[in-house]
Amino acid sequence: MTQRSNQVAVAPPVPQVAPPLAALLELTHRCPLQCPYCSNPLELERVQAELSTEAWLRVIGELADLGVLQIHFSGGEPTVRHDLVDFVRHGAERGLYSNLITSGAAIDRGRFQELVDAGLDHVQLSFQDAEAKSAERISHVRGIQDKKYTFASWVRESGLPLTVNAVIHRQNIDHVDDMIALAVKLDAARLEVAHAQYYGWGLANRAALMPSRSQLEAVTRKVNIARETYRGRLVIDYVVPDYYAQQPKSCMGGWGRQFLNITPSGKVLPCHAAETIPGLQFDSVAHHSLGEIWQNSQAFQRFRGTDWMPEPCRSCDQREIDWGGCRCQALAIAGDAAATDPSCAKSSLHSKMLSLATGEATATAPEFRYRRFSSAGGVSPVTQVADSRRNLD
């Protein structure tokens, strides 16, 4: 007669995911600017849906408990939230490094000083162009440049480090030398020269924003020269448009690996454009803890790691370097978020993606569809994706 074991079978432990390094807190979608390349979704969230002060304070505490190191206050325009000082102070008390991403257009000096006193660590200030008239046309706000200059002076007088964000595209790319000179004049510590990324409003305006390859090559040369010229004085980061790339970038350090994004209403996303992907379920901080969402939510698990990858990604020696590239871009171009990122030379759609970029860059630029709350300019996410695929089928 065999003896029955008294040991109880134990299920293998669920692998624990390392905590995220950074979190982007989209406090609101309200913004005085209407930039046509904004990464916010076409259906902007209204003020009535925004998380309360108490909810955001709880979220910041949970981020610290989770092991996050940096929090980035963004929007829309984060300074339109009157409780932003409370958020900065609470983050500082919990040991979080805080960064304010702002247009500089909706805050006065007294309130900025309150943010400094509360423990703000860093400021990123966006510029639409170095030329004032062009900046007004792109932002759709008259007199915006002077407001930005004034705000930048407050930042430097406070002693905080300043990063200038310069989003470039076909309608301002020839001014990149002036934007570099502007960052130097403002005594910025860092300049980010970033080609417009084609998500959200940027995708809706792609035909108006796409630069030509010759423009891209010219600005790349200028950035490289400036890096040498200002070495030790100004750090210049450079983000190229994926449509002319040969290998995809590691999107947010890999899906669900280093970064999370929280929308104004509390939905937690692996990246700020993830809501364009149909079929994903985004849990909310109103109903789940951040730790639970980060470890177990369906949206974060869907493209985390490499098991989800198709060929040729699955057997590629770069799969744990680029982590498959951008899922939202795969959806926008291929119509399938699980497809190989078309920015990769190994994608069957790579040459067609390049042809699309070339065709749009050489055609007459259409008028901007400005970022507005009014029915997203009449563009639905479904129509947006369908339009982006033209000439690819």
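So, here's what we can say about the structure.

Rules used in this analysis
Starting afresh in each chain, residues are numbered from 1 along the sequence in its written order. Restriction of local features to residues with pLDDT of at least 70 applies here, the model being predicted, together with a cutoff of 80 or more for giving and counting side-chain atom pairs; totals for whole chains, interfaces and linings are based on all residues. Calculation of side-chain values draws on the structure's entire complement of heavy atoms; hydrogens and water are dropped beforehand. Secondary structure is summarised from DSSP: a helix means a run of H or I of at least four residues, a strand means a run of E of at least two, and numbering begins at the N terminus for each. Whether two residues are in contact is decided by their heavy atoms, any of which lying within 4.5 Å being enough. Here an angle of 0 to 180 degrees is reported between the N-to-C directions of two axes, which are lines fitted to C-alpha atoms, with helices fitted over the stretch in contact. Crossing chirality is assigned from the near helix's rotation relative to the far helix, an anticlockwise turn below a right angle marking it left-handed and a clockwise turn marking it right-handed. Residues are grouped as follows: nonpolar covers Ala, Val, Leu, Ile, Met, Phe, Trp, Tyr, Cys and Pro; charged covers Asp, Glu, Lys and Arg; every other residue, Gly included, is treated as polar. Aromatic contacts are taken between Phe, Tyr and Trp rings whose centres are within 6.5 Å, Trp giving its six-membered ring; a plane angle under 30 degrees counts as stacked, one over 60 as edge-to-face, and the others as tilted. Buried means the residue's accessible area, taken with a 1.4 Å probe over protein chains only, is under 20% of the maximum for its type, while exposed means over 50%, and partly exposed covers the values in between. By this definition, two strands are paired if DSSP reports at least two bridges between them. Salt bridge, as used here, is a side-chain nitrogen of Lys or Arg placed within 4 Å of a carboxyl oxygen of Asp or Glu. Crossover handedness is defined here as right-handed if the route from the first strand over the helix to the second strand goes clockwise, with the strands pointing away from the viewer.

**Some thoughts on the environment of Tyr-97**
Now for step 1: On the secondary structure map, Tyr-97 appears in strand β3 (residues 97-102).
Now for step 2: Separated by 75 residues in the primary sequence, Tyr-97 and Ala-22 have C-alpha atoms spaced 9.4 Å apart.
Now for step 3: Excluding residues within four positions of it along the chain, Tyr-97 makes contact with Leu-69, Gln-70, Ile-71, Asp-121 and His-122.

**Remarks on the packing of helix α3 (residues 109-118) against helix α5 (residues 144-158)**
Now for step 1: The contact between α3 and α5 brings their axes to 11 Å, and the two run at 35°. Note that α3 runs across α5; the crossing there is right-handed. Of α5, the residues touching α3 (which contributes Arg-109, Phe-112 and Val-116) are Phe-151, Trp-154, Val-155, Glu-157 and Ser-158.
Now for step 2: Here the contact of α3 with α5 is built from residues that sort into 5 nonpolar, 1 polar and 2 charged.

**Concerning the packing of aromatic side chains**
Now for step 1: Inspection of the entire model under this criterion finds 9 aromatic pairs.
Now for step 2: The interplanar angle of 35° and the centroid separation of 6.2 Å between the aromatic rings of Phe-127 and Tyr-149 together place this pair among those described as tilted. Highlighted residues: Phe-127 in strand β4 (residues 122-127) and Tyr-149 in helix α5, separated in sequence by 22 residues.
Now for step 3: For Tyr-149, a relative accessible area of 31% translates into the label partly exposed.
Now for step 4: Ring geometry for Tyr-198 versus Tyr-243: centroids 5.3 Å apart, planes at 80°, classification edge-to-face.

**Let's talk about the sheet that holds strand β7 (residues 235-239)**
Now for step 1: Ordered in space as β7-β6-β5-β4-β3-β2-β1-β8-β9, the 9 strands form an open sheet in which the pairing is mixed. Of all the strands in the sheet, the pair left with one neighbour each is β7 and β9 (268-269).
Now for step 2: Sitting on the sheet, α5 touches β3, β4 and β5 (162-168), and the angle it makes with β4 is about 160°.

**Details of helix α12 (residues 327-334)**
Now for step 1: Counting buried positions along α12 yields 8 of 8 residues, so the element is predominantly enclosed.
Now for step 2: Those residues of α12 that sit buried are Arg-327, Cys-328, Gln-329, Ala-330, Leu-331, Ala-332, Ile-333 and Ala-334.

**Topic: the pattern of salt bridges**
Now for step 1: Taken as a whole and assessed by the stated rule, the structure comprises 15 salt bridges.
Now for step 2: We note a salt bridge from Arg-109 to Glu-157, for which the minimum N-O separation is 2.3 Å. With Arg-109 in helix α3 and Glu-157 in helix α5, this residue pair connects regions lying 48 residues apart in the sequence.
Now for step 3: Residue classification places Arg-109 among the partly exposed positions, given a relative accessible area of 44%.

**A closer look at the pairing of β4**
Now for step 1: Most of β4 sits out of view: 6 of its 6 residues are buried.
Now for step 2: Burial along β4 is two-sided: His-122, Gln-124 and Ser-126 and Val-123, Leu-125 and Phe-127, pointing in opposite directions, are all buried.
Now for step 3: Where the polypeptide runs from β3 across α3 and back to β4, its parallel neighbour, the crossover connection is right-handed.
Now for step 4: The sheet contact formed by β4 and β5 spans 5 bridges and is parallel. Looking at the pairing, Leu-125 lines up with Val-164 of β5.

Shape descriptors only; they carry no functional weight alone.
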